[in-house]
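As a plain string of letters, each chain reads:
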Amino acid sequence: MRRHVLAAGALLGLLYATGPAPAVHAADAWTATPAAGGGSRPGSGGRPYFYLQGAPGTVFEDRLSVVNPGRAPLTVTLRARDAEGTWIALASRQVRVPPRTRADVPFTVTVPAAAQPGDHPGALVASSADGREQRTEVRLRVSGPTLAALSVEDVRIEDGLIRYALVNRGNTTLTPRVAVAADGALGGELLRRGAREMRDLPPGRRIELAEVWTDTPALDRARARLTVTAGPGVREEATATATFVTWGPALGLGGGAAALLAAGGPLVVRHRKRAAQEEERG
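Residues numbered from 1 in each chain as written. Predicted model: local features only at pLDDT ≥ 70, side-chain atom pairs only at ≥ 80, totals over all residues. Heavy atoms only, no water.

What about the packing of aromatic side chains?
Phase 1 of the analysis: If you walk through the whole model with that rule in mind, you get two aromatic pairs.
Phase 2 of the analysis: Between the aromatic rings of tryptophan 213 and phenylalanine 244, the centroid separation amounts to 5.7 Å while the plane-to-plane angle is 75°, which identifies the pairing as edge-to-face. Placement of the pair is tryptophan 213 in the loop between strand 15 (206-212) and strand 16 (219-229) and phenylalanine 244 in strand 17 (residues 235-246), with a sequence separation of 31 residues.
Phase 3 of the analysis: Take phenylalanine 244: its relative accessible area is 3%, and that puts it in the buried class.
Phase 4 of the analysis: We note arginine 132 situated over the ring of tryptophan 30; from NZ or CZ to the ring centre the distance is 4.7 Å.
Phase 5 of the analysis: In this structure, arginine 139 packs its charged tip against the face of tyrosine 49, placed 3.8 Å from the ring centre. (Phe/Tyr/Trp six-rings, centres within 6.5 Å; stacked < 30°, edge-to-face > 60°. Helix = DSSP H or I, 4+ residues; strand = E, 2+ residues; numbered from the N terminus. Buried < 20%, exposed > 50% of the residue type's maximum accessible area, 1.4 Å probe, protein only. Lys NZ or Arg CZ within 6 Å of the ring centre and 35° of its normal.)

What follows is the structure, encoded as structure tokens:
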């Protein structure tokens, strides 16, 4: 890919290509994807997203390909979004695509001279008059030192869920994998769930997540542990505790139940109506 500013005529022009459009699932389902032959990686044809990498001050150029396989003209509105949307300049904010035709819309990504190293995500969003949208990621990496760092925060157990937050503290996009386990104070493993992959987490982003835990104990003090990894060198753990009490069994345990409650941690109570109470109400 050439790394310089587009000539004025090229920037303002839409490059049309006639002939058969790529195969789509429905006859009239238009698409907006990276044009073939672009990108800063070898063999970037059929790209699922734009990938750009270079030093501060670089100006990248690429094209978004809008395909109309239908029998009627299509008008699509384009806009840039996300953290670095202001770095993206489109040749046109709106494009009209004739039937069975493709329109390649040029755009540039200008990296400020003072841009910080690391990943700077953006996106191009195409929308039609019927409300349909297609979003194409623009993954930009600015050259320089990178840092992969992640924190696990606000872990708590409530309402049959283990809630927590993941925060990307570094400057590279991470794909966290989260494993969950829980043990009881009375002994034994209460929960174990192998690591599962979460969605990508860009630098500086925070996401709130929850793990479902429906088979919580009737009477125990549980300690839940989250283990989060995100590639080499990134591993974090966080814990939370909660005391579970079901009043029926607890009343029969006397001092043992009182000792368990005194151990501390949030109290999660399950109410079970006794038969005597039901009879009194009857």
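Still more ground to cover, so stick around.
Some details on the confidence of the model for the chain
Phase 1 of the analysis: Mean pLDDT over the chain stands at 82; residues scoring 70 or higher make up 74%.
Phase 2 of the analysis: Here helix 1 (residues 8-12) stands out as the least confident element of the chain, with mean pLDDT 36; strand 12 (residues 161-168) is the most confident, with 97.
Phase 3 of the analysis: When the criterion is pLDDT under 50, residues 1-13 qualifies, and its contacts beyond four places in sequence or with other chains add up to 30 contacts.
Phase 4 of the analysis: Counting contacts from residues 40-44, a segment whose pLDDT is below 50, to residues more than four positions away or on other chains yields 10 contacts. (pLDDT = per-residue confidence, 0-100. Contact = heavy atoms within 4.5 Å.)

Topic: the pattern of salt bridges
Where charged atoms from two side chains of opposite charge approach closely, those side chains can pair.
Phase 1 of the analysis: For the structure shown, the criterion picks out 18 salt bridges.
Phase 2 of the analysis: A salt bridge links aspartate 62 to arginine 47; its shortest N-O distance comes to 2.9 Å. With aspartate 62 in strand 4 (residues 59-68) and arginine 47 in the loop between strand 2 (31-34) and strand 3 (50-54), this residue pair connects regions lying 15 residues apart in the sequence.
Phase 3 of the analysis: The salt bridge partner of arginine 169 is glutamate 153, with a shortest N-O separation of 2.4 Å. With arginine 169 in the loop between strand 12 and strand 13 (177-184) and glutamate 153 in strand 11 (residues 150-158), this residue pair connects regions lying 16 residues apart in the sequence. (Salt bridge = Lys/Arg side-chain N within 4 Å of Asp/Glu carboxyl O.)

Section: the environment of proline 145
Phase 1 of the analysis: Within the element layout of this structure, proline 145 appears in the loop between strand 10 (133-142) and strand 11.
Phase 2 of the analysis: Relative accessible area serves as the criterion here: at 66%, proline 145 is assigned to the exposed category.
Phase 3 of the analysis: Measuring from C-alpha to C-alpha, the distance between proline 145 and asparagine 171 comes to 9.0 Å, with 26 residues separating the pair along the chain.
Phase 4 of the analysis: Not counting residues up to four positions away in its chain, the partners in contact with proline 145 are Pro117 and Asn171.

Re the nonpolar core
Phase 1 of the analysis: The biggest cluster of nonpolar side chains holds 27 residues, and the ones touching the most others in it are Tyr164 and Leu166.
Phase 2 of the analysis: Breaking this core down by element, the ones donating at least two residues are strand 11, strand 12, strand 13, strand 15, strand 16 and strand 17.
Phase 3 of the analysis: Of all hydrophobic cores here, the second largest spans 26 residues; its members include Phe60, Leu78, Phe107 and Val109. (Core = buried A, V, L, I, M, F, W, Y, C linked by side-chain atoms within 4.5 Å.)

Let's talk about the sheet that holds strand 3
Phase 1 of the analysis: In space, the five strands of this open sheet follow the order 3-10-9-5-7, with mixed pairing throughout. Each of the sheet's edge strands pairs with one partner strand only, and the pair in question is strand 3 and strand 7 (94-97). Put simply, the sheet's adjacent strands are angled 25° from each other on average, direction ignored.
Phase 2 of the analysis: By the bridge criterion, five bridges tie strand 3 to strand 10 in an arrangement that is parallel. Looking across to strand 10, one finds that tyrosine 51 is bridged to arginine 139. (Pairing = 2+ DSSP bridges. Axes fitted to C-alpha atoms, helices over the stretch in contact; angles between N-to-C directions.)

A closer look at the sheet that holds strand 15
Phase 1 of the analysis: An order of 11-12-15 is seen for the three strands of this open sheet, with the pairing classed as antiparallel. Here the strands that pair on one side only, and so sit at the sheet edges, are strand 11 and strand 15. Each strand axis lies, on average, 20° off the axis of its neighbour in the sheet, ignoring direction.
Phase 2 of the analysis: Inspection of the sheet shows strand 12 paired to strand 15 by seven bridges, in the antiparallel sense. If you follow leucine 161 over to strand 15, its bridge partner there is valine 212.

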